[in-house]
Amino acid sequence: MLKSDALTKRFGDRTALDGLDLEIQAGEVYCLLGANGAGKSTTIKLFLGFLKPTSGRALVDGIDVVLDPLGARRRLLYIPELVALHDELTGFENLRYFATLAGIEDASPSRLRACLADAGLQAAAVDRRAATYSKGMRQKVGVALAIAKEARVLLLDEPTSGLDPQASAEFHDLVARRRDAGAAVLMATHDLFRARQVADRIGIMRAGRLVRSLEAGVLSAQQLESAYLEAMAAETAQVA
Ligand SMILES: Nc1ncnc2c1ncn2[C@@H]1O[C@H](COP(=O)(O)OP(=O)(O)OP(=O)(O)O)[C@@H](O)[C@H]1O
């Protein structure tokens, strides 16, 4: 569902992403871990078509993002660190607005309200202005859009940073439900604990390269932390 072939991005003489080969199937969650500047957001922006690769290809459901950006984007839903809502609109009005922009066919009020409920937004909040929303509530509107769009691919860039543990757990449950509904999910995160819980596979990036790819199911929390720290220590050794 998501595939990259030798995907590379340079900014001047800085290589942000170096020859990434990645494949994520429908019904799979892949978490990308790595220090600040490792290339996680660059990877996501290349799949979104926000950046153009220097070389290599990013494919969404077999569609080359550079050749058919709109076709690729129709299948995607992107949730950034903070979902940007129009503060003067309610949660429902925001969802209706974004659903219209996304060209969603069935954007009837009853369906959109059902999507907000599925995403766990409290009924009392649905018709309240987004200015009053917590970060967790904003992220739920993003998930509601994914549900309404029946997005086959979710690209999540640190979607739970700054969320309290309960809101983070709720968000990861929603991600798991999208996965169980058949979505392919690529999530950049710094949260090793949640990554291990929600991911099927975990990739560790360092300086633009995918240096480890691990099956999450067979790893203890301690093994994942050790693998991560080893990857980071190798970087420190290289730099020193
Ligand atoms: N638009 C840009 N122009 C120049 N350099 C950039 C640009 N975007 C990213 N970079 C560089 O590319 C590298 C990878 O950045 P990226 O944002 O992908 O890292 P990241 O793993 O997402 O980090 P973080 O955890 O801080 O979000 C960094 O060295 C960064 O400075």
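Residues numbered from 1 in each chain as written. Predicted model: local features only at pLDDT ≥ 70, side-chain atom pairs only at ≥ 80, totals over all residues.

**Student:** Would you mind showing me how to read the sheet that holds strand E4 (residues 55-60) here?
**Tutor:** Where strands meet in a sheet, backbone hydrogen bonds hold them as pairs that are either parallel or antiparallel. Read across the sheet, 4 strands follow the order E2-E1-E4-E5 without closing on themselves; strand pairing throughout is antiparallel. Looking along the sheet, the strands with just one partner apiece sit at the ends: strand E2 (14-24) and strand E5 (63-64). Here helix H1 (residues 40-48) sits on the sheet in contact with strand E1 (2-11), E2 and E4, set at roughly 65 degrees to E2. (Pairing = 2+ DSSP bridges. Helix = DSSP H or I, 4+ residues; strand = E, 2+ residues; numbered from the N terminus. Contact = placed C-beta atoms within 7 Å. Axes fitted to C-alpha atoms, helices over the stretch in contact; angles between N-to-C directions.)

**Student:** Which parts of the structure should I look at to understand the environment of Gln-197?
**Tutor:** Mapped onto the fold, Gln-197 is located in helix H8 (residues 192-198). The partly exposed category is assigned to Gln-197, around which 16 C-beta atoms lie within 10 Å. (Buried ≥ 20, exposed ≤ 12 C-beta atoms within 10 Å, placed from the backbone.)

**Student:** I tried to follow the sheet that holds strand E7 (residues 153-157) on my own but got confused; where do I start?
**Tutor:** With mixed pairing, 6 strands are arranged side by side in an open sheet as E6-E7-E8-E3-E9-E10. The open sheet has two edge strands, strand E6 (76-79) and strand E10 (209-215), and neither has a second partner. Sheet twist, expressed as the mean angle between neighbouring strand axes with direction ignored, is 15 degrees. Inspection of the sheet shows strand E3 (residues 28-34) paired to strand E9 (residues 201-206) by 5 bridges, in the parallel sense. Residue Leu-33 lies in a different strand from E9, and its bridge partner there is Ile-204. Sheet contacts for helix H7 (residues 165-180): E3, E7 and strand E8 (184-188); angle to E8, the most-contacted strand, approximately 150 degrees.

**Student:** Explain the nonpolar core here, please?
**Tutor:** Within the largest apolar cluster, 69 residues are counted, with the highest numbers of intra-cluster contacts made by Leu-95, Ala-144, Val-153, Leu-154, Val-185 and Leu-186. Sort the elements by how many residues they give to this core and helix H6 (residues 135-149) lands first, with 8 residues. Summarising the domain contributions, this core has at least three residues from each of domain 1 (2-75 + 152-239) and domain 2 (86-151). Apart from residues lying up to four places away in sequence, Leu-154 is in contact with Leu-77, Ile-79, Ala-146, Arg-178, Ala-183 and Val-185. (Core = buried A, V, L, I, M, F, W, Y, C linked by C-beta atoms within 7 Å. Domains from an automatic or database assignment.)

**Student:** What is the right way to read the site of the ligand from this model?
**Tutor:** Around the ligand, the structure places Phe-11, Arg-14, Ala-16, Gly-34, Asn-36, Gly-37, Ala-38, Gly-39, Lys-40, Ser-41, Thr-42 and Ala-188. Broken down by element, the residue count for the shell around the ligand peaks at 3 residues, all from H1. Class assignment for the residues of the shell around the ligand results in 4 nonpolar, 6 polar and 2 charged. (Near = placed C-beta within 6 Å. Nonpolar A, V, L, I, M, F, W, Y, C, P; charged D, E, K, R; others polar.)

**Student:** Honestly, the UniProt feature "domain: ABC transporter" (unreviewed entry) in the protein in this entry has me stumped. Any pointers?
**Tutor:** Under the feature "domain: ABC transporter" (unreviewed entry), the UniProt entry names residues 2-232. Across residues 2-232, helical content stands at 39% and strand content at 27%; the span's end C-alpha atoms are separated by 26 Å. (UniProt positions renumbered as here; feature names shortened; annotations may be inferred.)

**Student:** Even after reading the chapter, I still don't get the pairing of E9, so can you show me in this structure?
**Tutor:** The side chains of a regular strand alternate between both faces of the sheet. Of all 6 residues in E9, 5 are buried, a share of seventy percent or more. Pairing analysis gives 6 bridges linking E9 to E10, with the strands arranged antiparallel. Along E10, the bridge assignment pairs Ile-204 with Arg-212. The hairpin formed by E9 and E10 contains 2 residues between the paired strands, and Ala-207 there has a positive phi angle of roughly 50 degrees.

**Student:** For this particular structure, what's the right way to read the confidence of the model for the protein?
**Tutor:** Should the pLDDT be low somewhere, the predicted coordinates at that spot are not to be read in detail. Put simply, the protein has an average pLDDT of 93, and 98% of its residues get 70 or more. Mean pLDDT values for the elements of the protein range from 81 in helix H9 (residues 221-239) up to 98 in E4. Both scores are available for the predicted complex, with the pTM at 0.93 and the ipTM at 0.96. (pLDDT = per-residue confidence, 0-100.)

**Student:** Would you mind going over the packing of helix H3 (residues 91-101) against helix H4 (residues 109-118) with me for this structure?
**Tutor:** Any two packed helices are characterised by how steeply their axes cross, that is the angle between the axes, and by the distance between the axes. It is the contact of H3 with H4, at a shortest axis distance of 10 Å, that shows an interaxial angle of 115 degrees. The angle between H3 and H4 places the two elements in the roughly perpendicular class. Crossing angle aside, the handedness with which H3 passes H4 is right-handed. Each of Gly-91, Phe-92, Leu-95, Arg-96 and Ala-99 in H3 lies in contact with H4, whose residues at this interface are Leu-112, Arg-113, Cys-115 and Leu-116. (Parallel < 35°, antiparallel > 145°, perpendicular 65-115°, else oblique. Left-handed = near helix turned anticlockwise from the far one by under 90°.)

**Student:** Could you clarify how one ought to interpret the domain arrangement of the protein in this entry?
**Tutor:** Interfaces are often sized by the amount of accessible area the parts lose when they come together. When its domains are assigned, the protein resolves into domain 1 (2-75 + 152-239) and domain 2 (86-151). Taking the mean C-alpha position of each, domain 1 and domain 2 sit 25 Å from one another. Each side of the interface is counted separately: domain 1 has 13 residues, and domain 2 has 8 residues. At 5 residues, the largest contribution of residues to the side of domain 1 that touches domain 2 is made by H7. Broken down by class, the residue content of the side of domain 1 that touches domain 2 amounts to 8 nonpolar, 1 polar and 4 charged.

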